[in-house]
Amino acid sequence: MKDDSESLFGELFDTPRRAVVPVLVPMPAPTAYSYAVPDGLTIEPGAIVQVPLGPRQVIGVVWDGGEDTSVDPKKLREITKVFDCPPLDQDMRTFLDWVAAYTLSPPGYVARMALRAPAALDPDPMIEGLRYAGYEPERLTPARQKVLEIAADGLSWTKSGLAHASGVSTSVIDGLVKQGVFEQVFLPPPPLVAAPDPDYAESRLAGPQKEAAEEILQSLSKGGFHVSLIDGVTGSGKTEVYFEAIAETLKQGKQVLILLPEIALTANFLERFQDRFGSKPGEWHSDLATRTREKVWRQVATGEIRVVAGARSALFLPFENLGLIIVDEEHDPAFKQEDRVFYNARDMAVVRARIAGFPVVLVSATPSVESQVNCIAGRYTRIHLPTRFADAAMPDLHLIDMRRAPPERGGFLSPILLRSVGKAVERGEQALLFLNRRGYAPLTLCRVCGHRFQCPQCSSWLVEHRFRGQIQCHQCGYHEPTPNACPECGTLDHLVACGPGVERIAEEVEKHFPDARTLVLSSDIGGVKRLRLELEAIANGEADIVIGTQLVAKGHNFPLMTLVGIIDADIGLSNGDPRAAERTFQLLSQVTGRAGRTGRKSLGLLQTFQPQHPVMQAIISGDAAAFYEREILERERAQLPPFGRLVSIIVSADSRAEAEGHARGLRQAAPHESGIMILGPAEAPLALIRGRHRFRLLVHGRRNSDMQAFVRSMLERGPKERRSIQVQVDVDPQSFL
DNA sequence: AGCACGCCGACT
DNA sequence: GTCGGCGTGCTC
């Protein structure tokens, strides 16, 4: 610490210049800020520091590069402190720089993602322990005798632990400490999770699984960067295969990261891991308790935690010696972050591995189109698992053409589907009816004047939720109690619900099967706890007919389910999203995969108005390869990813017309061949900013450098204009290697 | 991102 | 007379 007179002295006279280092601070500045290094301190790049920034103290990280001479030396402030934790290594810094450049995000924001556990930056306080020092006490009482017997092993004990084990009070120990019989030692805090044992359980792979595992192990043994894609249907043993890759990496003494979509980070997954490795992996996700989060961060940094299973943000943990990343459910859109720094953790995982020179394994039953393309192009190695484990057969899948087998008036379930549900229930088996639409009805209108209930904030339809007695906007969260009079013409009781949601399907099911036990699973009914209980009840056979939204598609297995009915398989095929077909294919594959894991004969029925649609044909034929091939050609024709690069810019605007004006401006500003397509507000993942809508403009071009230059020019407009346009960049990466 | 400063409308 | 809304600008 310098006192005032000394710094005054420093300004008046020409003292040796202080060392200055660049520091990334959690702020959207385009470059690092410069800070003075306090006298007598040496600071290396990667060091995590606390620095003054305006009126507050923030956490930053010392970056690479020389001194920035453009900054006025009088403005320089000193680093407040250096945290006692491992610095971010060169690979990590290269990675963070790369991500910032690629996603066009301020580097300080990207760095902040790696520093998400502030209090973890100082080491956990040591635990005080006692160790037998080898002396006899002056007077050996029976109580002291007992303590010495226990402590004679020379291991360290906590005071209370030793007292408890010896069956004496702590004051006995105090007496012994006073006499110097015990010496005080400081122990590091116990690890959060035990080290996984690669040989804990014998791998019990056979057939194609064994071959796949061997193929992966072979590429692992070659060392260096390499990407594999394990592609196999639900139940084909993908997890068991990549567990072998994890075991091998652990044997090499390196750490492993398993990335999972948040929703798949279940107790079930952790238990499977434990069955194989004898202990659970470290967990990392958004609702980790602060304290736990800090411990995990630190123990990952020091290398104590060997395996982390985490959501996308785990990719930015500062591993001490990372040697493998697994990305399970590789296709899942949850890997894409769409605020602040826009990134896809799957792609950035590949980048991190390339920089540090280790392998990545992508895993999915329904790989993303871009990963398929990367396999075809030879950048990734595809490992295909064609069959299910053991005797679990795939369900028999059929389309129900709704034009030929329409439901009865006022209903939504085809007689064919109803008959099958009836049979399943009679046999004492379970049926799952899937409809990806929450609530009772997606649209309500007045039969008298035709008024449609619309969200006053964002103009999408208000969805009726009978269970809650509300009409809700699924876009911005607006809701009001369900009215019984039309706000337009005032007529009472002439409001009519249009179209089905899961609640309405439940109503129809209960009418047809009054004696069956029916259960609705929807994300808006009850919390996580209730959901977990309900899933357990279903697994125990406590329901006959389950009606669910998207959340039944993920992760959970229903061993008694022998019938899956999909109510409106066409939902999502025509919403303007360039990934509509891909997403629908993935969703339908997942849902139909919920059936038929028991070895019993099982059935999947898909109600559709477009039985000839390529997605429907691909689902029933099981010919995923043909579907992907077609999808790739379609995108090539539209110049969409994976062949071009897609950047979407979110603009705030009062109306679609204003958004179109911005789009015209962009089109003129774009110096290269590009297309601009407006999605929104109904389609964009929007939130309302002060009464303005957010529109997403999809801009696509073939050349990475053009896109980057274009987006930079957008971002470099003056602060005034930037505020009115509110540009946010969303990079959907393709040729990122 | 935070945070302060500064400028105009409704209130103890 | 002040409190507090948010528009604007700055942080090494």
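What counts, and at which threshold
The residue numbering used here restarts from 1 in each chain and proceeds along that chain's sequence as written. Working convention: letters from A go to chains and numbers from 1 go to ligands, in the order in which they are written. Selection of residues for local features in this predicted model requires a pLDDT of at least 70, selection of side-chain atom pairs for listing and counting requires 80 or more, and totals for whole chains, interfaces and linings are taken over all residues. Hydrogens and water molecules were not included; the side-chain quantities draw on all heavy atoms of the structure. UniProt positions are given in the numbering used here, feature names are shortened, and annotations may be inferred rather than shown by experiment. Under the scheme used here, helices are H or I runs from DSSP no shorter than 4 residues and strands are E runs no shorter than 2 residues, and both carry numbers assigned from the N terminus. Only protein chains enter the area calculation, which uses a 1.4 Å probe; residues under 20% of their type maximum are buried, those over 50% are exposed, and those in between are partly exposed. Note on areas: these come from Shrake-Rupley sampling with a 1.4 Å probe, and a residue is covered only by the protein chains present in the view. Only a single heavy atom is needed: when it lies within 4 Å of a molecule or strand, its residue is near that molecule or strand. In protein, a polar contact means a hydrogen-donor-capable atom and an acceptor-capable atom, both N or O and within 3.5 Å, with residues adjacent in sequence counting only if both atoms are side-chain atoms; elsewhere, any N or O pair within 3.5 Å suffices. Strands are labelled as partners when DSSP assigns at least two bridges between them. Every axis in this analysis is a line fitted to C-alpha atoms, fitted for helices over the stretch in contact. Angles between the N-to-C directions lie between 0 and 180 degrees. Counting rule for charge: Lys and Arg are taken as positive, Asp and Glu as negative, and neither His nor the chain ends is counted. By convention in these notes, a salt bridge is any Lys or Arg side-chain nitrogen within 4 Å of a carboxyl oxygen on Asp or Glu. Residues count as neighbours in contact if any of their non-hydrogen atoms are within 4.5 Å of one another. Between 65 and 115 degrees an angle is taken as roughly perpendicular, under 35 as roughly parallel, over 145 as roughly antiparallel, and anywhere else as oblique. Note on convention: the crossing is left-handed when the near helix lies turned anticlockwise from the far helix by less than a right angle, right-handed when the turn is clockwise. Residue polarity follows a fixed list, in which Ala, Val, Leu, Ile, Met, Phe, Trp, Tyr, Cys and Pro are nonpolar, Asp, Glu, Lys and Arg are charged, and the others, Gly among them, are polar. pLDDT: the predictor's confidence for each residue, scored from 0 to 100. In this analysis, the expected span of each helix is defined as 1.5 Å times one less than the number of residues it contains. Side-chain rings of Phe, Tyr and Trp, where Trp is taken by its six-membered ring, are said to pair if the distance between their centres is within 6.5 Å; with planes under 30 degrees apart they count as stacked, over 60 as edge-to-face, and otherwise as tilted. Only when the NZ of Lys or the CZ of Arg is both within 6 Å of the ring centre and within 35 degrees of the ring normal is a charge said to sit over the ring.

- As annotated in an unreviewed UniProt entry, chain A carries the name Replication restart protein PriA and comes from Rhizobium rosettiformans.
- UniProt lists a comment for chain A under the heading Subunit (unreviewed entry), and it reads "Component of the replication restart primosome."

1. With respect to the overall build of chain A
Point 1. When helices and strands are tallied, chain A shows 21 helices and 31 strands.
Point 2. Of all 737 residues assigned to chain A, the portion counted as buried reaches 50%.
Point 3. Of the roughly 34,100 Å² of accessible surface on chain A, a fraction of 50% belongs to carbon and sulfur atoms.

2. Brief notes about the protein's contact with DNA strand B
Point 1. What surrounds DNA strand B is the set M27, P28, P55, R56 and Y109.
Point 2. Per the 4 Å cut-off to the protein, sugar and phosphate atoms form 62% of the nearby atoms of DNA strand B.
Point 3. In this structure, a sugar or linking oxygen belonging to DNA strand B sits 2.8 Å away from a side-chain N or O atom of Y109.

3. A word on the sheet that holds strand β21 (residues 470-473)
Point 1. Taken in spatial order, the three strands line up as β20-β21-β22 in an open sheet, and their pairing is antiparallel. Whereas interior strands pair on both sides, the edge strands pair on one side only; in this sheet they are β20 (462-465) and β22 (479-481). The sheet shows a mean angle of 25 degrees between the axes of neighbouring strands, taken without regard to direction.
Point 2. Of the strand pairs in this sheet, β20 and β21 are connected by four bridges, and their pairing is antiparallel. Opposite L462, over in β21, you have C473 as the bridge partner.

4. Notes on the side chain of R352
Point 1. Mapped onto the fold, R352 is located in helix α11 (residues 345-356).
Point 2. Although R352 is buried, it forms no salt bridge, and the closest oppositely charged side chain is D89 at an N-O distance of 6.2 Å.
Point 3. Other than its neighbours up to four places away in sequence, R352 contacts M92, F95, L315, F316, L317, P318, F319, L322 and F358.

5. Quick look at the packing of helix α16 (residues 580-592) against helix α18 (residues 624-638)
Point 1. At a closest axis distance of 10 Å, the pairing of α16 and α18 adopts a crossing angle of 165 degrees. The orientation of α16 relative to α18 falls into the category roughly antiparallel. Crossing handedness for the pair α16 and α18: left-handed. Within the contact between the two elements, α16 uses A581, E582, F585 and Q586 and α18 uses A624, F627, Y628, E631 and R635.
Point 2. Of the residues that constitute the contact of α16 with α18, the class distribution is five nonpolar, one polar and three charged.

6. Let's talk about the pattern of salt bridges
Point 1. Under the defined criterion, the tally for this structure stands at 21 salt bridges.
Point 2. In this structure, the salt-bridge partner of R346 is E370, at a minimum N-O distance of 3.0 Å. On the criterion of sequence distance, the pair formed by R346 in helix α11 and E370 in helix α12 (residues 369-376) is long-range, its members being 24 residues apart.
Point 3. The partner of K511 in a salt bridge is E408, with the nearest N and O atoms 3.6 Å apart. With K511 in helix α14 (residues 502-512) and E408 in the loop between β17 (396-401) and α13 (415-426), the pair connects residues that are 103 residues apart, well separated along the chain.
Point 4. Here the salt bridges share partners, and the residues they tie into one network are E330, R346, D347, E370, R579, E582, E631 and R635.

7. So, the confidence of the model for chain A
Point 1. Per-residue confidence for chain A gives a mean pLDDT of 82; residues scoring 70 or more make up 78%.
Point 2. Predicted confidence is poor over residues 1-15, with pLDDT under 50, and the contacts of this stretch with residues over four places away or in other chains come to six contacts.
Point 3. Predicted confidence for residues 682-691 stays below pLDDT 50, and this span has 23 contacts to residues more than four positions away or in other chains.

8. Considering the protein's contact with DNA strand C
Point 1. Around DNA strand C, the structure places 12 residues, and the nearest of them are M27, S34, G54, K75 and R77.
Point 2. What you see for DNA strand C is that sugar and phosphate hold 46% of its atoms within 4 Å of the protein.
Point 3. In the environment of DNA strand C, a base oxygen lies 2.7 Å from a nitrogen or oxygen atom belonging to the backbone of S34.
Point 4. Within the side chain of R77, an N or O atom sits 2.8 Å from a phosphate oxygen of DNA strand C.
Point 5. Only β2 (33-36) and β3 (48-53) provide two or more residues apiece to the surface near DNA strand C.
Point 6. Among the residues making up the surface near DNA strand C, the classes are represented as seven nonpolar, two polar and three charged.

9. Digging into helix α2 (residues 90-103)
Point 1. When the terminal C-alpha atoms of α2 are compared, their 20 Å separation across 14 residues agrees well with the 20 Å that a helix rising 1.5 Å per residue should span.
Point 2. Taken together, the buried positions of α2 are occupied by M92, R93, F95, L96, V99, A100, Y102 and T103.
Point 3. If you check the start of α2, you find a side-chain oxygen 3.2 Å away from the backbone N of D91, and it comes from D89.
Point 4. Note on α2: the residue one or two positions beyond its end, L104, has a positive phi of about 55 degrees.

10. Notes on the packing of aromatic side chains
Point 1. Tallying each qualifying case throughout the model produces 11 aromatic pairs.
Point 2. Judged by centre distance (4.5 Å) and plane angle (35 degrees), the ring pair of F273 and F277 falls under tilted. Here the residue F273 and the residue F277 both occupy positions in helix α9 (residues 267-277), the gap between them amounting to four residues, near one helical turn.
Point 3. The class of F273 is buried, set by a relative accessible area of 0%.
Point 4. On the basis of relative accessibility, which here comes to 1%, the residue F277 falls in the buried class.
Point 5. Across the ring face of Y109, the terminal group of R112 is positioned such that the distance to the ring centre comes to 5.2 Å.
Point 6. R276 extends its terminal NZ or CZ atom over the ring of F277, reaching a point 4.9 Å from the ring centre.

11. Overview of the pairing of strand β12 (residues 322-328)
Point 1. In terms of residue burial, β12 counts as a mostly covered element, since seven of its seven residues are buried.
Point 2. In the sheet, strand β9 (residues 255-259) pairs with β12 via five bridges, with the strands oriented parallel. Looking at the pairing, Q255 lines up with L322 of β12.
Point 3. Examined bridge by bridge, β12 and strand β15 (residues 359-364) share four bridges and lie parallel to one another. Bridge pairing in β15 places I326 opposite V361.

12. Thoughts on the environment of G572
Point 1. Position of G572 relative to the elements: it lies in the loop between β26 (561-566) and α16.
Point 2. A relative accessible area of 26% means that G572 is categorised as partly exposed.
Point 3. Remark: the alpha-carbon pair of G572 and N436, spanning 136 residues in sequence, is separated by 9.0 Å.
Point 4. Excluding its chain neighbours within four sequence positions, the residues that come into contact with G572 are A580 and T584.

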